[in-house]
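Coordinates in review
Single-letter residue listing:
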Amino acid sequence: MTILAPPDQQAATPRAPGLPDPIPVALHLRPPKREGAEARFAGTDPPKGWDVSRHPRVARLLRSRRLQFFLILPNQIVFWLVIFLGLLGTVVPGLNFGTAITWYIWFCLVFVMMVVVGRAWCAMCPFGGFAEWVQRRTFWQRTQRTLGLGRKLPEPIARYGLLISVGSFLLLTWIEEFFNIAGPGNPWDTSYMVLGIVASALLFFLVFERRTFCRYACPLSALIGTVGAMGSAAGFRTRDREVCLSCATKDCMRGGEEGYGCPWYTWPGSADSNLTCGLCSECYKACPSENVGFFLQPPLTSVIAPKRRRADVAWAVALLWGLVVFQQVNATNGYAVLDAWLNRATHLGYPNPIDYLGIIAVVALAFAGIAWGMSRLLGRDPSPSTGQVRGVLGTLLPTGSAVGSPSGAFVDRPSRFRSFFVPLAYGMIPVVGADYFARQLPKFFKHASRIVPAIGAWFGEGSTHSSLYHLRLLSNPGIVAVQVAVIALGTLGSAWATWKIAQRDLAPVSSHPAATRYASVGVAIALGVAAGFLYVIMHAAS
Amino acid sequence: MTFLGTTEPQILALGTNRAAQPTQPLVHVLGDRCAGCQECVVRCPTGALDLDVTTWTVLVDQDRCVACGQCVRTCPFSAITVAGAPQVSPRLALEVEHPASLEHDRHETRRGIATWVDALAEAARCLDCPDPTCVRGCPVHNDIPGFIRALGTGDLDQAHEVLRRTTFLPDVCSRVCDQALQCEGACTWSLAGAEPVAIGALERFVADNAPVPPPAAPTRPDAGAADGLSVAVVGSGPAGLSAAAELVGAGATVTLYEQRDELGGLLRWGIPDFTLPDVVARRLPDALLAAGVEVRFGYTLEPAGLEQLRSDHDAVVLATGASLPLGIRLPGSDLDGVWDATRFLVEARHALTTGGPLPGVAPETDRPTVLVLGGGNTAMDVARSARRLGAAAICVDWMDPRFAPVRPDELAEARAEGVEVRFSRTLTGLNGEEGRVRSAELAATVQERAAERPRVVPNSMERLSVDLVVTAMGYRIDPDLAALAGSVPVKKEVPAVPDRRWIGSGILAAPAPPFARRQPVGRLAVGREQARVLAGLPRLERTWVVGDALVGPSTVVEAMAQGKVAAQAIVHHAPRRPAEPWVAPRRVLIGVESRGGTTAAHAAALANGLVRAGHEARVLPLRDIRAGELAWADALVVATWVEGFVLAGAGPAKATRSWLATLPPLAGMPVGLLCTYAVSPGRTLQRMRAEVERHGGRVVAGAARSGRPKGHQLDGQGLGVLLDAFSRPNADAA
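Residues numbered from 1 in each chain as written. Chains lettered and ligands numbered in written order. Predicted model: local features only at pLDDT ≥ 70, side-chain atom pairs only at ≥ 80, totals over all residues.

A word on the overall build of chain A
Scanning chain A for helices and strands turns up 26 helices and three strands. Taking 24 Å as the expected radius of gyration for a compact globule of 542 residues, we find that chain A reaches 25 Å, a close match to that expectation. Oriented by its inertia axes, the alpha-carbon framework of chain A measures out at about 85 × 65 × 40 Å. A total of 542 residues make up chain A; the buried ones form 52% of that total. Within chain A, residue pairs in contact and separated by at least 24 positions form 80% of the contacts whose partners lie at least 6 positions apart. (Helix = DSSP H or I, 4+ residues; strand = E, 2+ residues; numbered from the N terminus. Rg over C-alpha atoms; globule rule 2.2 N^0.38 Å. Buried ≥ 20, exposed ≤ 12 C-beta atoms within 10 Å, placed from the backbone. Contact = placed C-beta atoms within 7 Å.)

Looking at the interface of chain B and chain A
In this complex, chain B contributes 69 residues to the contact, which on the side of chain A involves 56 residues. Here the residues of the side of chain B that touches chain A are counted per class, giving 34 nonpolar, 21 polar and 14 charged. (Nonpolar A, V, L, I, M, F, W, Y, C, P; charged D, E, K, R; others polar.)

A short note on helix α10 (residues 238–249) of chain B
All names here are of chain B. Over its 12 residues, α10 runs 16 Å from end to end, which matches the ideal 16 Å to within 8%, given 1.5 Å per residue. By the criterion of burial, α10 is predominantly enclosed, with 12 of the 12 residues buried. Turning to α10, its buried residues are Pro238, Ala239, Gly240, Leu241, Ser242, Ala243, Ala244, Ala245, Glu246, Leu247, Val248 and Gly249. Residues of α10 that are buried make contact with β5 (230–234), β6 (253–258), α11 (266–269), α13 (283–290), β8 (315–318) and α22 (556–573). Looking one or two places after α10, you find Gly251, whose phi comes out positive at around 100°. (Expected span 1.5 Å × (residues − 1).)

Concerning the sheet that holds β6 of chain B
Residues and elements named next belong to chain B. Taken together, five strands build an open sheet; the order of strands is β7-β6-β5-β8-β20 and the sheet is parallel. Sheet topology places β7 (294–297) and β20 (543–545) at the edges, where each strand pairs with a single neighbour. Adjacent strand axes in the sheet meet at a mean angle of 20° when their direction is disregarded. Bridge analysis of β5 against β8 gives four bridges, and the strand direction is parallel. From the neighbouring strand, Ala232 faces β8, where its bridge partner is Val316. The strands touched by helix α14 (residues 303–312) within the sheet are β5, β8 and β20, with β8 carrying the most contacts at an inclination of about 140°. The strands that α22 touches are β5, β8 and β20; relative to β20, the one it contacts most, it runs at about 165°. (Pairing = 2+ DSSP bridges. Axes fitted to C-alpha atoms, helices over the stretch in contact; angles between N-to-C directions.)

Concerning the domain arrangement of chain A
Interface size, as often reported, equals the accessible area lost upon joining of the parts. Residues and elements named next belong to chain A. Under the domain assignment, chain A is made up of domain 1 (43–307) and domain 2 (311–538). When each unit is reduced to the centre of its C-alpha atoms, the spacing between domain 1 and domain 2 is 22 Å. Each partner contributes to the interface: domain 1 provides 38 residues, whereas domain 2 provides 43 residues. Those elements giving two or more residues to the side of domain 1 that touches domain 2 turn out to be α5 (97–116), α9 (162–178), α12 (221–227) and α16 (301–304). Ranked by residues supplied to the side of domain 1 that touches domain 2, first place goes to α5 with 11 residues. By residue class, the composition of the side of domain 1 that touches domain 2 is 29 nonpolar, seven polar and two charged. (Domains from an automatic or database assignment.)

Looking at the pairing of strand β14 (residues 425–433) of chain B
Note that β14 of chain B and strand β15 (residues 436–446) of chain B share eight bridges and pair antiparallel. Within β15 of chain B, the position partnered with Asn431 of chain B by the bridge is Ser439 of chain B.

A short note on the nonpolar core
Leu247, Val317 and Val546 of chain B are the most contacted members of the largest nonpolar core, which totals 349 residues. Of all the elements, helix α17 (residues 311–329) of chain A adds the most residues to this core, at 14 residues. Other than its neighbours up to four places away in sequence, Val546 of chain B contacts Ala239, Ala243, Val317, Ala319, Ala535, Ala559, Gln562, Gly563 and Ala566 of chain B. (Core = buried A, V, L, I, M, F, W, Y, C linked by C-beta atoms within 7 Å.)

Examining the sheet that holds strand β12 (residues 392–397) of chain B
All names here are of chain B. Taking strand neighbours across the sheet as the criterion, the five strands line up as β10-β18-β11-β12-β13 in an open arrangement whose pairing is parallel. Of all strands in the sheet, those with a lone pairing partner are β10 (338–340) and β13 (420–423), marking the two edges. On average, adjacent strands in this sheet sit at an angle of 20° to one another, irrespective of strand direction. As paired elements, strand β11 (residues 369–373) and strand β18 (residues 468–471) share four bridges and run parallel to each other.

Regarding the confidence of the model for chain B
Low pLDDT marks regions whose predicted coordinates should not be analysed in detail. Across chain B, the average pLDDT comes to 90, with 94% of residues at 70 or higher. Scored below 50 in pLDDT, residues 1–21 of chain B shows 25 contacts in the model against residues more than four places distant or in partner chains. (pLDDT = per-residue confidence, 0-100.)

Structure, rendered in structure tokens:
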């Protein structure tokens, strides 16, 4: 807005537009709290110069309501092809476009996007995208009436944040293992799985408001959110926090004329990591003050720098670590013996849910146990006002006494154990991310070239006799070498992140800061070495 | 416990009363979703919320919470919940007095607050919300917490002064407003499901007990702002009185044109004394007369008369109301003894004042029966007047009682006075003897949903002997006057995306409070606000239309609000008759639809040039320009980029076309057009001109430019045609 007046009359010019509005006279809003904001966000606010939306062309692109539609559209086409070709195409998994693109290419690409950008996949995801088109009753316009019930996810569930997504990821992975979907097995199963995700997303979008599905229930949300913290896209952030604090309308949250309220429940004014920024650009469009920018950040910033460390993220990292370790262990002979023995007793099939969940739980709790041990040995008693020590399992349970404030809620409740466990878990994100990425590499290096005959199969040209069908980009030893290199890189990232985190977050709560720092880095290296060792004994198994 | 920042024992004992509601509310903040935006913190009436800087989420002091739920309604992310009942003491019960003998009784039946003790007790129930939803619920936006705060300190004068900033009729509105759908329905206690503060009763306490200064008090901040301005106000109902009072206060010379022989309009003839005593209704008219307002009684507005008014005055306010009664088209509706409510109320008022008999019925008729068609407030007034004139009164309404728009308190009062109110009945015919109505045929109706039209039940006829039938089914704007005013009535529409400040207040988050009879108080308030803002725009050149004439049958307070806004607009623009020397438009609003910044650059250059020429210029994106912004402007410039191709037809951008299509009447406003193009502007200017003129705008210049302004053009020199058009008389389109 520009108001201009002749220079000699500027002082007398009323700033308020239009005729007198009597309502502001009656308002006496309390001033929002500003003290401490600068220090609170100093480590996580990206440098001003890293706002790529300052470039007019980028700004025009982000301002366009069609942007996300055109990001989603290609993926939408591909995944409906996956569904239809999976059902109607050849049953040879390696030659079926649905299975080939999904398991040889897509999963790897998603991990690359996570590590480099963050939630880039969420911005172009065809599952949430399709359901959102239905919910909004439009492909790209800012419609005012949505379809569906618009409910809020009940608080007793929502309080666990990302853990709901971890749960659905564990369930989906078990189903995938049970039916050998990602093997890949019968292409029909891949189609049904994708259809199931689309249907679940649609159901959530029609029952709940905004992107409740993506924020809470999507199987990939926790993985992308945590591993994506390594990414270099900070997401949409405030350009000037003071403007956001004094904003009277909060269009970015409530929705304005040009953009929807944040579908991910994120406020650019307080975002200190890229964890819950879906990169949809709605806040950028909605802001009436043009005070939202699209910022880049140095890699690992959202791992190292956030002041607010969330317990759900920490437990998500621990459990996801458990899952990927399971996926490594299950390629070993020892696991086959264990699973066969359990199935003789329980007849639950492969993978036996007991060993599946058991291994995940043991790994996650082992990591938590290490953190607990460090907190006992190296931690200081928290002050009485910051909470009570409730043990490892106790932190997962809701408390009755302190539910009135977020400091008593699950994601933020302080304890001596958490003061070590949560920062340490953040520090493990690079090695966990690397482990997931390395786990996908064998399929890529062994079979990625099959996408060509799989496409050729549409035209009757593809064949299992094709040289591309059997082409391996790397030999098994080569794959193992790359896997170990990836793990080494992740371990380095974790070691560096942990070193910084220990200095920032653990030193203040530690009785022996130097020992804590070395021990924390040691944990990161130990995890990396363990993962690397497992890849060596797996011999590049898919 | 601290409350309202005070620890005064008496206030605490009378106000929020934990003893009455021992259950402590429990606030729950969903830490996962709380973004620390502090929308709840800045609005919490008791200061129970704060920000935890470490987590940047909200902290709660549970002991301070009174469960008003303001935080829940205002949170953009639904991240806060409150369990437990609102902690507020019971609302003051006000008495209704019915005289032992109704005959010719004109005493007011509704009692006000009798004592200071009661007034202070009720005032102490007010939470003094930082973002008071009651103020948004009030159509004229009285500073309700402000006047209650003053009242709570015992300062009646200050309380009245606070009310006077926004209302001229606190004594009237406190008596006749349906507060349940307005301020009280929107009170935070009401939105939380509890009984709201008795705002109407407190307003009446102040209005009845504080001295009232004259409308042209020299203490007004805008006194003298309209000196020398001559304004005609046609109609002296609440809208006209309000406009006149505002204009007189600002120093304008006002002439009131009234059809009847007394000022006050509907306040005088339409609302009986037992609801609004004449001594109250005539306070403002008498004050205006005392302030020197010229009055022409017996004036009936004709189309030619409007032209005369416009040539005699600088501005005209049409506040002619919606005076055409909705009639019946049934066999027998032309019989003698079938009256409309207006006629009956006027004659009944006269009869009650002079001790005369029931009008419309032969004096010798023993225990006459009056059948009133309708079940709304006017019908109740008619029936209760008839009861006071010795008749039996029967109201019939075809709606189901669950959906009928009658106020429960008025219905109860009418029934207490012996009025028989029958819902789910409709008139199917009238029978007469010797040309006079003698009986009515009634049939039962059924209605399942509020939006459903009631259906007649077959074979449910009954015959009723009647001596007089009065139609009280509503009114509409006289079509002749509607043709004069142009595109009225306007709809009180709720925009698809309401103002986010209104959403943020929480008034829209509690759609149907029990106290508001499950009506959507927030949406009703937003709709009223649209009409209030529209009243600031002239419908014709130098002609504003307000009140029922603008929106159709409505309420006293809405009419008053619109009259005040129109008067403020007249003072703001200070329009002059054509005979006066030409005055360049002072405030130029430049609306911009720019894609790559070229159009915006030209708009900024034009603004610079206008400022150098002595104008006041304001540049806004087109999408941000609505009635409120237009009301500020004396002239408008629409600047757009050109969309399309030379061959396919270049034209204004789609967003510009959409905006132009929804323009309110421009009433002769001078409009400049500007487009920027890459290859050719095509017919962009012509198409924009046609659309502007369709909405009554007067296009004074147009310019098409290519490329960004450079050098001296940054001062608007490249747009001389537009600069000239706003700086010299008799400009016409280029």
